[in-house]
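Chains, contacts and geometry: an overview
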Amino acid sequence: MGTEEGWWLLLCVALSGAADTAERQWRAVDVALDCFLVEEGRHRGGFASKENMVKALLVLRQVPVLDDGSLEGFTDFQLGMMAKDNPAVVTFEASVNLVQIPDAKALLHADCSGKEVTCEISRYFLQARQEATIETAAWFITNVQVSGGGPSVSIVMKMLGNAENGVVLHPTLKLPLGLQGTVQTAVEFQVTTRTPSLNFLLGSSASLHCGFSMAPDLDLTSVVWRLQHKGSGQLVYSWTAGQGQVKREGATLEPEQHLTAGDASLTLPSLTVKDEGAYICQISTSLYQAQQIIQLHIQASPKVRLSLANEVLPPTLICSIAGYYPLDVTVTWTREELSGAPVPVSGAFFSSLRLSSAGTYSTSSSLTAEPGSAGATYTCQVTHVSLDEPLRASTWVSPPEQKTAAFGVLFASSLFLLALLYLGLQRWQATSPKVCQDSEALWAATLLPQSKKKE
(Lines give C-alpha, C1' and ligand atoms only; values in the text may rest on other atoms or scores of the structure.)
Protein backbone atom coordinates (compact mmCIF):
# COMPACT_ATOMS: atom_id res chain seq x y z
CA MET A 1 0.00 0.00 0.00
CA GLY A 2 1.40 3.41 -1.00
CA THR A 3 1.68 6.40 1.31
CA GLU A 4 -1.28 8.21 -0.30
CA GLU A 5 -3.60 5.19 -0.07
CA GLY A 6 -2.58 4.66 3.52
CA TRP A 7 -3.37 8.27 4.41
CA TRP A 8 -6.86 8.01 2.89
CA LEU A 9 -7.49 4.75 4.75
CA LEU A 10 -6.52 6.35 8.04
CA LEU A 11 -8.81 9.27 7.26
CA CYS A 12 -11.80 7.01 6.54
CA VAL A 13 -11.19 5.00 9.71
CA ALA A 14 -11.06 8.23 11.71
CA LEU A 15 -14.31 9.47 10.15
CA SER A 16 -16.19 6.19 10.63
CA GLY A 17 -15.11 5.78 14.25
CA ALA A 18 -16.18 9.25 15.37
CA ALA A 19 -18.56 9.86 18.23
CA ASP A 20 -22.04 11.05 17.17
CA THR A 21 -22.57 13.05 20.34
CA ALA A 22 -19.50 15.25 20.03
CA GLU A 23 -20.00 18.99 20.31
CA ARG A 24 -19.95 20.69 16.91
CA GLN A 25 -17.09 23.16 16.49
CA TRP A 26 -14.88 24.54 13.77
CA ARG A 27 -11.58 22.78 13.15
CA ALA A 28 -8.80 23.45 10.64
CA VAL A 29 -7.93 20.38 8.55
CA ASP A 30 -5.98 19.58 5.40
CA VAL A 31 -7.98 18.60 2.30
CA ALA A 32 -5.99 16.57 -0.25
CA LEU A 33 -7.36 16.03 -3.76
CA ASP A 34 -6.07 13.86 -6.60
CA CYS A 35 -6.02 16.10 -9.67
CA PHE A 36 -4.75 16.45 -13.20
CA LEU A 37 -2.65 19.39 -14.31
CA VAL A 38 -3.55 20.73 -17.76
CA GLU A 39 -1.07 22.82 -19.69
CA GLU A 40 -2.81 24.03 -22.83
CA GLY A 41 -3.07 27.76 -23.18
CA ARG A 42 -5.46 30.19 -21.60
CA HIS A 43 -8.18 28.73 -19.45
CA ARG A 44 -10.94 30.35 -17.43
CA GLY A 45 -13.17 27.55 -16.28
CA GLY A 46 -14.74 24.28 -17.26
CA PHE A 47 -12.99 20.94 -17.63
CA ALA A 48 -10.51 20.59 -20.48
CA SER A 49 -9.69 17.52 -22.52
CA LYS A 50 -7.31 14.92 -21.13
CA GLU A 51 -4.60 15.67 -23.63
CA ASN A 52 -1.33 16.95 -22.18
CA MET A 53 -2.43 16.10 -18.64
CA VAL A 54 -0.11 15.06 -15.83
CA LYS A 55 -1.01 13.73 -12.42
CA ALA A 56 -1.11 16.33 -9.68
CA LEU A 57 -2.01 16.60 -6.03
CA LEU A 58 -3.69 19.62 -4.45
CA VAL A 59 -3.43 20.07 -0.69
CA LEU A 60 -5.63 22.81 0.75
CA ARG A 61 -3.95 23.64 4.02
CA GLN A 62 -5.84 24.24 7.26
CA VAL A 63 -9.35 24.59 5.86
CA PRO A 64 -11.96 25.41 8.54
CA VAL A 65 -14.51 22.55 8.74
CA LEU A 66 -17.45 22.22 11.12
CA ASP A 67 -16.60 19.15 13.19
CA ASP A 68 -19.48 16.93 14.31
CA GLY A 69 -17.11 14.50 15.97
CA SER A 70 -16.10 12.74 12.74
CA LEU A 71 -12.66 14.41 12.71
CA GLU A 72 -11.45 12.91 15.98
CA GLY A 73 -7.97 11.45 15.50
CA PHE A 74 -7.53 13.20 12.17
CA THR A 75 -3.95 14.33 11.44
CA ASP A 76 -2.46 16.77 8.95
CA PHE A 77 -1.45 15.53 5.53
CA GLN A 78 2.26 14.60 5.28
CA LEU A 79 4.02 15.35 2.01
CA GLY A 80 7.55 14.05 2.58
CA MET A 81 7.10 10.36 1.78
CA MET A 82 4.67 11.01 -1.05
CA ALA A 83 7.18 13.14 -2.94
CA LYS A 84 9.64 10.24 -2.81
CA ASP A 85 7.07 7.58 -3.77
CA ASN A 86 5.60 9.57 -6.67
CA PRO A 87 8.23 11.99 -8.02
CA ALA A 88 6.23 12.45 -11.26
CA VAL A 89 3.23 13.87 -9.41
CA VAL A 90 3.11 17.67 -9.30
CA THR A 91 2.07 18.74 -5.81
CA PHE A 92 0.39 22.07 -5.11
CA GLU A 93 0.09 23.38 -1.58
CA ALA A 94 -2.53 26.12 -1.17
CA SER A 95 -3.21 28.24 1.88
CA VAL A 96 -6.81 29.36 2.41
CA ASN A 97 -6.24 32.15 4.90
CA LEU A 98 -7.73 34.80 2.57
CA VAL A 99 -10.96 33.06 1.45
CA GLN A 100 -13.61 30.65 2.66
CA ILE A 101 -14.12 27.14 1.26
CA PRO A 102 -17.76 26.55 2.34
CA ASP A 103 -18.13 23.01 0.98
CA ALA A 104 -14.79 21.66 2.16
CA LYS A 105 -16.50 18.98 4.26
CA ALA A 106 -18.07 17.44 1.15
CA LEU A 107 -14.59 17.27 -0.42
CA LEU A 108 -13.15 15.75 2.74
CA HIS A 109 -15.78 12.99 2.98
CA ALA A 110 -16.11 12.24 -0.75
CA ASP A 111 -13.82 9.20 -0.92
CA CYS A 112 -15.25 7.64 2.24
CA SER A 113 -18.86 8.03 0.99
CA GLY A 114 -18.12 6.38 -2.34
CA LYS A 115 -18.33 9.55 -4.42
CA GLU A 116 -15.89 10.55 -7.12
CA VAL A 117 -14.08 13.88 -7.13
CA THR A 118 -12.99 15.32 -10.46
CA CYS A 119 -10.21 17.87 -10.12
CA GLU A 120 -8.35 19.75 -12.84
CA ILE A 121 -5.68 22.40 -12.43
CA SER A 122 -4.67 24.67 -15.28
CA ARG A 123 -2.91 27.96 -15.85
CA TYR A 124 -4.96 31.08 -15.30
CA PHE A 125 -4.22 34.28 -17.19
CA LEU A 126 -5.40 37.66 -16.00
CA GLN A 127 -7.60 39.78 -18.23
CA ALA A 128 -5.40 42.83 -17.66
CA ARG A 129 -1.92 43.15 -16.25
CA GLN A 130 -1.84 45.97 -13.73
CA GLU A 131 1.79 46.02 -12.61
CA ALA A 132 5.18 45.39 -14.13
CA THR A 133 5.97 42.83 -11.44
CA ILE A 134 2.90 40.86 -12.47
CA GLU A 135 4.86 39.50 -15.44
CA THR A 136 6.90 37.25 -13.13
CA ALA A 137 3.88 35.90 -11.23
CA ALA A 138 1.83 32.82 -12.07
CA TRP A 139 -1.77 31.86 -11.36
CA PHE A 140 -3.70 28.62 -11.53
CA ILE A 141 -7.38 27.79 -11.54
CA THR A 142 -8.69 24.55 -10.05
CA ASN A 143 -12.11 23.16 -11.00
CA VAL A 144 -13.46 20.56 -8.58
CA GLN A 145 -16.68 18.58 -9.02
CA VAL A 146 -18.13 16.01 -6.59
CA SER A 147 -20.24 13.31 -8.26
CA GLY A 148 -23.79 12.43 -7.24
CA GLY A 149 -25.08 15.99 -7.16
CA GLY A 150 -22.28 17.22 -4.91
CA PRO A 151 -20.85 20.75 -4.90
CA SER A 152 -18.75 22.29 -7.65
CA VAL A 153 -16.05 24.86 -6.91
CA SER A 154 -13.60 26.90 -8.99
CA ILE A 155 -10.53 28.15 -7.11
CA VAL A 156 -8.04 30.78 -8.34
CA MET A 157 -4.59 30.34 -6.77
CA LYS A 158 -1.62 32.70 -6.93
CA MET A 159 1.85 31.20 -6.84
CA LEU A 160 4.04 32.35 -3.96
CA GLY A 161 7.70 33.14 -4.69
CA ASN A 162 9.40 33.55 -8.07
CA ALA A 163 12.25 32.11 -10.07
CA GLU A 164 14.65 35.01 -9.55
CA ASN A 165 15.91 34.01 -6.11
CA GLY A 166 17.85 30.93 -7.13
CA VAL A 167 15.22 28.48 -5.89
CA VAL A 168 14.81 24.96 -7.25
CA LEU A 169 12.54 24.79 -10.31
CA HIS A 170 10.21 22.01 -11.32
CA PRO A 171 11.91 20.09 -14.15
CA THR A 172 9.03 20.42 -16.64
CA LEU A 173 6.84 23.26 -15.38
CA LYS A 174 9.79 25.54 -14.57
CA LEU A 175 8.02 26.73 -11.46
CA PRO A 176 9.78 27.46 -8.16
CA LEU A 177 9.42 24.68 -5.60
CA GLY A 178 9.31 24.89 -1.81
CA LEU A 179 11.48 23.00 0.63
CA GLN A 180 9.33 19.87 0.28
CA GLY A 181 9.32 19.99 -3.52
CA THR A 182 5.84 21.50 -3.84
CA VAL A 183 4.42 24.49 -5.70
CA GLN A 184 3.43 27.01 -3.01
CA THR A 185 0.21 28.94 -3.71
CA ALA A 186 -2.46 30.98 -1.94
CA VAL A 187 -6.18 30.86 -2.76
CA GLU A 188 -7.40 34.39 -3.55
CA PHE A 189 -10.78 33.77 -5.14
CA GLN A 190 -13.38 31.01 -5.37
CA VAL A 191 -16.83 30.55 -6.91
CA THR A 192 -18.98 27.61 -5.86
CA THR A 193 -22.43 26.08 -6.25
CA ARG A 194 -23.99 23.47 -4.01
CA THR A 195 -26.42 22.39 -6.73
CA PRO A 196 -24.82 21.85 -10.18
CA SER A 197 -28.00 20.12 -11.40
CA LEU A 198 -31.61 20.86 -10.43
CA ASN A 199 -35.04 19.46 -11.33
CA PHE A 200 -38.13 21.65 -10.90
CA LEU A 201 -41.75 21.20 -11.84
CA LEU A 202 -43.41 23.40 -14.43
CA GLY A 203 -44.94 26.50 -12.79
CA SER A 204 -42.86 26.33 -9.60
CA SER A 205 -40.09 28.70 -8.43
CA ALA A 206 -36.38 27.84 -8.51
CA SER A 207 -33.41 29.16 -6.55
CA LEU A 208 -30.04 28.69 -8.29
CA HIS A 209 -27.22 28.78 -5.74
CA CYS A 210 -24.01 30.62 -6.56
CA GLY A 211 -21.59 31.72 -3.85
CA PHE A 212 -18.14 33.25 -3.86
CA SER A 213 -15.32 34.39 -1.60
CA MET A 214 -12.42 36.72 -2.39
CA ALA A 215 -9.32 38.13 -0.79
CA PRO A 216 -9.83 41.37 1.23
CA ASP A 217 -7.89 43.51 -1.25
CA LEU A 218 -10.24 42.59 -4.13
CA ASP A 219 -13.44 44.40 -5.13
CA LEU A 220 -16.60 42.85 -6.57
CA THR A 221 -17.23 44.43 -9.98
CA SER A 222 -20.03 42.42 -11.61
CA VAL A 223 -22.37 39.43 -11.36
CA VAL A 224 -23.80 38.07 -14.61
CA TRP A 225 -26.29 35.23 -15.09
CA ARG A 226 -26.71 33.80 -18.60
CA LEU A 227 -28.85 31.00 -19.98
CA GLN A 228 -27.45 28.65 -22.61
CA HIS A 229 -29.79 26.19 -24.30
CA LYS A 230 -29.74 24.35 -27.62
CA GLY A 231 -26.96 26.43 -29.09
CA SER A 232 -28.34 29.86 -28.20
CA GLY A 233 -27.59 32.09 -25.25
CA GLN A 234 -29.31 34.99 -23.56
CA LEU A 235 -28.74 37.33 -20.66
CA VAL A 236 -30.95 36.62 -17.63
CA TYR A 237 -29.70 39.07 -15.00
CA SER A 238 -26.69 41.34 -14.56
CA TRP A 239 -25.42 43.40 -11.64
CA THR A 240 -22.71 46.02 -12.03
CA ALA A 241 -21.67 48.60 -9.44
CA GLY A 242 -24.95 48.39 -7.55
CA GLN A 243 -27.20 48.50 -10.63
CA GLY A 244 -29.25 45.46 -11.61
CA GLN A 245 -30.59 44.70 -15.07
CA VAL A 246 -33.40 42.13 -15.42
CA LYS A 247 -33.87 40.37 -18.76
CA ARG A 248 -36.05 37.49 -17.62
CA GLU A 249 -39.33 38.69 -16.13
CA GLY A 250 -39.48 38.15 -12.37
CA ALA A 251 -35.83 37.10 -12.00
CA THR A 252 -34.26 38.43 -8.78
CA LEU A 253 -30.79 38.42 -7.30
CA GLU A 254 -30.11 38.20 -3.59
CA PRO A 255 -30.30 41.56 -1.74
CA GLU A 256 -27.13 43.62 -2.01
CA GLN A 257 -26.12 42.95 1.59
CA HIS A 258 -26.16 39.22 0.80
CA LEU A 259 -24.33 39.86 -2.44
CA THR A 260 -21.47 41.65 -0.75
CA ALA A 261 -21.33 38.76 1.73
CA GLY A 262 -20.74 36.30 -1.09
CA ASP A 263 -24.24 35.13 -2.12
CA ALA A 264 -25.09 35.70 -5.79
CA SER A 265 -27.97 33.18 -6.00
CA LEU A 266 -30.71 33.74 -8.58
CA THR A 267 -34.45 33.17 -8.09
CA LEU A 268 -36.78 32.36 -11.01
CA PRO A 269 -40.56 32.34 -10.36
CA SER A 270 -43.29 30.63 -12.43
CA LEU A 271 -41.00 28.34 -14.40
CA THR A 272 -41.84 27.56 -18.01
CA VAL A 273 -40.31 25.15 -20.50
CA LYS A 274 -38.31 28.07 -21.93
CA ASP A 275 -36.45 28.41 -18.61
CA GLU A 276 -34.72 25.06 -19.10
CA GLY A 277 -31.00 25.01 -19.85
CA ALA A 278 -27.52 25.69 -18.49
CA TYR A 279 -27.29 28.77 -16.26
CA ILE A 280 -23.86 30.37 -16.07
CA CYS A 281 -23.09 32.36 -12.93
CA GLN A 282 -20.09 34.56 -13.68
CA ILE A 283 -18.46 36.53 -10.85
CA SER A 284 -15.91 39.23 -11.68
CA THR A 285 -13.61 41.04 -9.30
CA SER A 286 -11.05 43.76 -9.79
CA LEU A 287 -8.49 41.10 -10.74
CA TYR A 288 -10.14 37.71 -11.29
CA GLN A 289 -13.11 36.14 -12.98
CA ALA A 290 -14.63 32.67 -12.45
CA GLN A 291 -17.94 30.95 -13.04
CA GLN A 292 -20.18 28.02 -12.20
CA ILE A 293 -22.69 26.23 -14.42
CA ILE A 294 -26.04 25.03 -13.06
CA GLN A 295 -28.16 22.71 -15.19
CA LEU A 296 -31.87 23.46 -14.71
CA HIS A 297 -34.27 20.73 -15.87
CA ILE A 298 -38.00 21.49 -16.15
CA GLN A 299 -40.46 18.65 -15.63
CA ALA A 300 -44.23 18.21 -15.89
CA SER A 301 -45.95 15.05 -14.67
CA PRO A 302 -48.32 13.26 -17.07
CA LYS A 303 -52.02 12.65 -16.44
CA VAL A 304 -53.20 9.17 -17.39
CA ARG A 305 -56.75 8.06 -18.35
CA LEU A 306 -57.82 4.63 -19.64
CA SER A 307 -61.05 4.25 -21.61
CA LEU A 308 -62.87 1.69 -23.75
CA ALA A 309 -63.13 3.08 -27.27
CA ASN A 310 -65.78 0.63 -28.43
CA GLU A 311 -67.51 -2.53 -27.26
CA VAL A 312 -67.73 -4.14 -30.66
CA LEU A 313 -65.72 -7.33 -30.64
CA PRO A 314 -62.80 -7.17 -30.39
CA PRO A 315 -62.87 -4.14 -28.03
CA THR A 316 -60.25 -1.37 -28.26
CA LEU A 317 -58.66 0.28 -25.22
CA ILE A 318 -57.16 3.79 -25.32
CA CYS A 319 -54.65 5.01 -22.72
CA SER A 320 -54.38 8.83 -22.89
CA ILE A 321 -51.18 10.46 -21.56
CA ALA A 322 -51.41 14.24 -21.36
CA GLY A 323 -49.40 17.27 -20.20
CA TYR A 324 -45.92 15.80 -19.68
CA TYR A 325 -42.40 17.17 -20.16
CA PRO A 326 -39.73 16.27 -21.23
CA LEU A 327 -40.63 14.20 -24.27
CA ASP A 328 -39.46 10.70 -23.35
CA VAL A 329 -42.24 8.56 -21.87
CA THR A 330 -42.65 4.78 -21.57
CA VAL A 331 -46.05 3.05 -21.81
CA THR A 332 -46.50 -0.64 -21.04
CA TRP A 333 -49.62 -2.84 -20.98
CA THR A 334 -50.46 -5.85 -18.82
CA ARG A 335 -53.35 -8.31 -18.86
CA GLU A 336 -54.55 -10.09 -15.73
CA GLU A 337 -57.18 -12.84 -15.57
CA LEU A 338 -59.11 -13.75 -12.44
CA SER A 339 -56.82 -15.41 -9.88
CA GLY A 340 -53.90 -14.88 -12.23
CA ALA A 341 -50.77 -12.74 -12.38
CA PRO A 342 -50.30 -9.70 -14.65
CA VAL A 343 -48.78 -10.66 -17.99
CA PRO A 344 -47.12 -8.12 -20.34
CA VAL A 345 -49.03 -7.46 -23.54
CA SER A 346 -47.58 -6.31 -26.86
CA GLY A 347 -49.17 -4.97 -30.00
CA ALA A 348 -50.09 -1.46 -28.79
CA PHE A 349 -49.63 1.50 -31.12
CA PHE A 350 -49.24 5.25 -30.46
CA SER A 351 -51.14 8.17 -31.86
CA SER A 352 -49.38 11.22 -33.27
CA LEU A 353 -47.66 13.48 -30.73
CA ARG A 354 -49.43 16.70 -29.72
CA LEU A 355 -47.69 19.83 -28.39
CA SER A 356 -49.56 22.29 -26.16
CA SER A 357 -49.05 26.06 -25.98
CA ALA A 358 -47.26 25.53 -22.65
CA GLY A 359 -44.71 23.28 -24.32
CA THR A 360 -45.97 20.00 -22.82
CA TYR A 361 -46.66 16.84 -24.78
CA SER A 362 -49.68 14.54 -25.11
CA THR A 363 -50.16 11.20 -26.83
CA SER A 364 -52.23 8.02 -26.55
CA SER A 365 -51.57 4.31 -26.74
CA SER A 366 -54.24 1.98 -28.20
CA LEU A 367 -54.55 -1.76 -27.68
CA THR A 368 -56.95 -4.38 -28.99
CA ALA A 369 -58.17 -6.34 -25.97
CA GLU A 370 -58.64 -10.09 -25.82
CA PRO A 371 -60.69 -10.72 -22.66
CA GLY A 372 -60.94 -14.50 -23.17
CA SER A 373 -63.79 -16.65 -21.89
CA ALA A 374 -63.68 -15.27 -18.33
CA GLY A 375 -62.80 -11.62 -18.93
CA ALA A 376 -59.58 -9.84 -17.94
CA THR A 377 -58.23 -6.67 -16.33
CA TYR A 378 -56.07 -4.51 -18.56
CA THR A 379 -53.59 -2.04 -17.04
CA CYS A 380 -51.77 0.83 -18.75
CA GLN A 381 -48.55 1.81 -16.94
CA VAL A 382 -46.76 5.10 -17.66
CA THR A 383 -43.16 5.79 -16.63
CA HIS A 384 -41.71 9.32 -16.79
CA VAL A 385 -38.71 11.12 -15.32
CA SER A 386 -41.01 13.46 -13.35
CA LEU A 387 -42.61 10.56 -11.46
CA ASP A 388 -41.25 8.91 -8.33
CA GLU A 389 -43.10 5.76 -9.37
CA PRO A 390 -45.10 4.77 -12.49
CA LEU A 391 -48.74 5.80 -12.93
CA ARG A 392 -51.26 3.03 -13.58
CA ALA A 393 -54.82 2.96 -14.91
CA SER A 394 -56.88 -0.26 -15.10
CA THR A 395 -60.20 -1.40 -16.53
CA TRP A 396 -62.17 -4.69 -16.68
CA VAL A 397 -63.05 -6.08 -20.10
CA SER A 398 -66.03 -8.47 -20.04
CA PRO A 399 -65.94 -11.82 -21.87
CA PRO A 400 -67.86 -12.25 -25.13
CA GLU A 401 -70.56 -14.47 -23.46
CA GLN A 402 -71.58 -11.72 -21.13
CA LYS A 403 -71.74 -9.30 -24.02
CA THR A 404 -73.91 -11.78 -26.04
CA ALA A 405 -76.29 -12.30 -23.13
CA ALA A 406 -76.66 -8.57 -22.68
CA PHE A 407 -77.34 -8.20 -26.37
CA GLY A 408 -79.98 -10.99 -26.16
CA VAL A 409 -81.80 -9.24 -23.34
CA LEU A 410 -81.78 -6.01 -25.30
CA PHE A 411 -83.04 -7.80 -28.42
CA ALA A 412 -85.89 -9.55 -26.54
CA SER A 413 -86.96 -6.26 -24.95
CA SER A 414 -87.04 -4.65 -28.37
CA LEU A 415 -89.25 -7.47 -29.75
CA PHE A 416 -91.64 -7.12 -26.82
CA LEU A 417 -92.02 -3.39 -27.43
CA LEU A 418 -92.63 -3.98 -31.12
CA ALA A 419 -95.35 -6.54 -30.29
CA LEU A 420 -97.11 -4.08 -28.00
CA LEU A 421 -97.02 -1.43 -30.72
CA TYR A 422 -98.43 -3.89 -33.23
CA LEU A 423 -101.34 -4.93 -30.99
CA GLY A 424 -102.18 -1.32 -30.23
CA LEU A 425 -102.21 -0.50 -33.93
CA GLN A 426 -104.53 -3.43 -34.67
CA ARG A 427 -107.00 -2.35 -31.98
CA TRP A 428 -107.04 1.20 -33.25
CA GLN A 429 -107.76 0.04 -36.78
CA ALA A 430 -110.69 -2.16 -35.54
CA THR A 431 -112.48 0.81 -33.96
CA SER A 432 -111.64 3.38 -36.58
CA PRO A 433 -114.77 2.79 -39.03
CA LYS A 434 -117.38 3.68 -36.38
CA VAL A 435 -115.38 6.68 -35.34
CA CYS A 436 -115.21 7.87 -38.89
CA GLN A 437 -119.02 7.48 -39.46
CA ASP A 438 -119.91 9.44 -36.32
CA SER A 439 -117.49 12.16 -37.38
CA GLU A 440 -119.04 12.46 -40.85
CA ALA A 441 -122.64 12.73 -39.42
CA LEU A 442 -121.58 15.47 -37.03
CA TRP A 443 -119.85 17.33 -39.83
CA ALA A 444 -122.89 17.17 -42.07
CA ALA A 445 -125.24 18.37 -39.32
CA THR A 446 -123.07 21.37 -38.75
CA LEU A 447 -122.64 22.50 -42.35
CA LEU A 448 -126.13 21.86 -43.96
CA PRO A 449 -128.65 24.80 -44.05
CA GLN A 450 -131.84 24.65 -41.98
CA SER A 451 -134.00 24.05 -45.05
CA LYS A 452 -132.02 21.00 -46.00
CA LYS A 453 -132.20 19.74 -42.43
CA LYS A 454 -136.10 19.95 -42.52
CA GLU A 455 -136.29 18.06 -45.81
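Residues numbered from 1 in each chain as written. Predicted model: local features only at pLDDT ≥ 70, side-chain atom pairs only at ≥ 80, totals over all residues. Heavy atoms only, no water.

This next bit is on the nonpolar core. One finds L208, W225, L266 and I283 to be the most contacted residues of the largest nonpolar core, which totals 56 residues. Formed by 38 residues, the second largest nonpolar core is a distinct cluster that contains L108, V117, I121 and L175. (Core = buried A, V, L, I, M, F, W, Y, C linked by side-chain atoms within 4.5 Å. Buried < 20%, exposed > 50% of the residue type's maximum accessible area, 1.4 Å probe, protein only.)

Attention now moves to the side chain of D275. Mapped onto the elements, D275 comes out in the loop between β15 (266-268) and β16 (277-285). Reaching out from D275, the side chain makes a polar contact with the side chain of R248 at a distance of 2.6 Å. From its side chain, D275 meets the backbone nitrogen of T272 in a polar contact 2.9 Å long. Beyond its immediate chain neighbours, meaning those up to four positions away, D275 contacts L227, R248, S270, L296 and I298. (Helix = DSSP H or I, 4+ residues; strand = E, 2+ residues; numbered from the N terminus. Polar contact = N/O pair within 3.5 Å; in protein donor to acceptor, adjacent residues only side chain to side chain. Contact = heavy atoms within 4.5 Å.)

Inspection of the entire model under this criterion finds 3 disulfides. For C35, the disulfide goes to C119, at an S-S distance of 2.0 Å. Every disulfide takes its handedness from the sign of the S-S torsion; for C35 and C119 that torsion is 75 degrees, giving right-handed. Of the two residues, C35 is situated in strand β1 (residues 25-38) and C119 in strand β4 (residues 117-124); the sequence distance between them amounts to 84 residues. Classification of C35 by relative accessible area gives buried; the value is 4%. Assessed through its relative accessible area of 3%, C119 is described here as buried. Two residues share a disulfide in this structure: C319 and C380, whose sulfurs sit 2.0 Å from each other. Handedness of the C319-C380 disulfide follows from its S-S torsion of about -70 degrees: it is left-handed. In this pair, C319 is assigned in strand β19 (residues 316-324) and C380 in strand β25 (residues 376-383), connecting sequence segments 61 residues apart. (Disulfide = S-S within 2.5 Å.)

Turning next to the sheet that holds strand β11 (residues 220-229). The sheet built from 6 strands is open, its strands ordered β8-β17-β16-β11-β12-β13 with mixed pairing. Of all the strands in the sheet, just β8 (197-201) and β13 (243-246) have a single pairing partner and so form its edges. The mean inter-strand angle of the sheet, taken between neighbouring strand axes irrespective of direction, is 25 degrees. (Pairing = 2+ DSSP bridges. Axes fitted to C-alpha atoms, helices over the stretch in contact; angles between N-to-C directions.)

Along the chain, T272 turns up in the loop between β15 and β16. Separated by 28 residues in sequence, T272 and A300 have C-alpha atoms that sit 9.9 Å apart. The contact partners of T272, leaving out residues within four places of it in the chain, are L202 and I298.

Glancing now at the pairing of strand β20 (residues 330-336). Side-chain alternation along β20 places V331, W333 and R335 on a buried face and T330, T332, T334 and E336 on a face that remains uncovered. Pairing of β20 with strand β21 (residues 343-345) involves 3 bridges; the strand directions are antiparallel. In the strand pairing of β21, R335 is matched with V343. Connecting β20 to the antiparallel partner β21 that follows it, the hairpin turn spans 6 residues, and S339 within it adopts a positive phi of roughly 60 degrees.

As paired strands, β11 and β16 are joined by 8 bridges and run antiparallel to one another. Residue pairing in the sheet places L220 in a bridge with T285 of β16. Sheet topology note: the β11/strand β12 (residues 232-240) ladder contains 8 bridges and is antiparallel. Bridge pairing in β12 links R226 to L235.

On to the sheet that holds β15. Read across the sheet, 3 strands follow the order β9-β15-β14 without closing on themselves; strand pairing throughout is antiparallel. Looking at which strands have only one partner, the edges of the open sheet turn out to be β9 (206-208) and β14 (252-253). Judged from the 3 bridges that link them, β9 and β15 form a sheet pairing that is antiparallel. Bridge pairing in β15 places A206 opposite L268.

A word on the confidence of the model for the protein. For the protein, per-residue confidence averages 81 on the pLDDT scale, and 76% of positions sit at 70 or higher. Note that residues 1-11 has pLDDT below 50 and, in this model, 21 contacts with residues that lie over four places away or in other chains. Counting interchain partners and residues more than four positions distant, the pLDDT-below-50 stretch residues 13-22 has 17 contacts. (pLDDT = per-residue confidence, 0-100.)

Among the structural elements, A393 can be located in strand β26 (residues 391-397). Sequence spacing of A393 and C319 is 74 residues, and the spatial spacing of their C-alpha atoms is 8.1 Å.

Residue P326 follows Y325 across a cis peptide bond; omega there is 5 degrees. With respect to the element layout, P326 can be found in the loop between β19 and β20. If you check the backbone angles, K230 has positive phi at about 50 degrees while not being a glycine. Relative to the helices and strands, K230 resides in the loop between β11 and β12. Of note in this structure, S270 is not a glycine but carries a positive phi near 50 degrees. For S270, the position within the fold is in the loop between β15 and β16.

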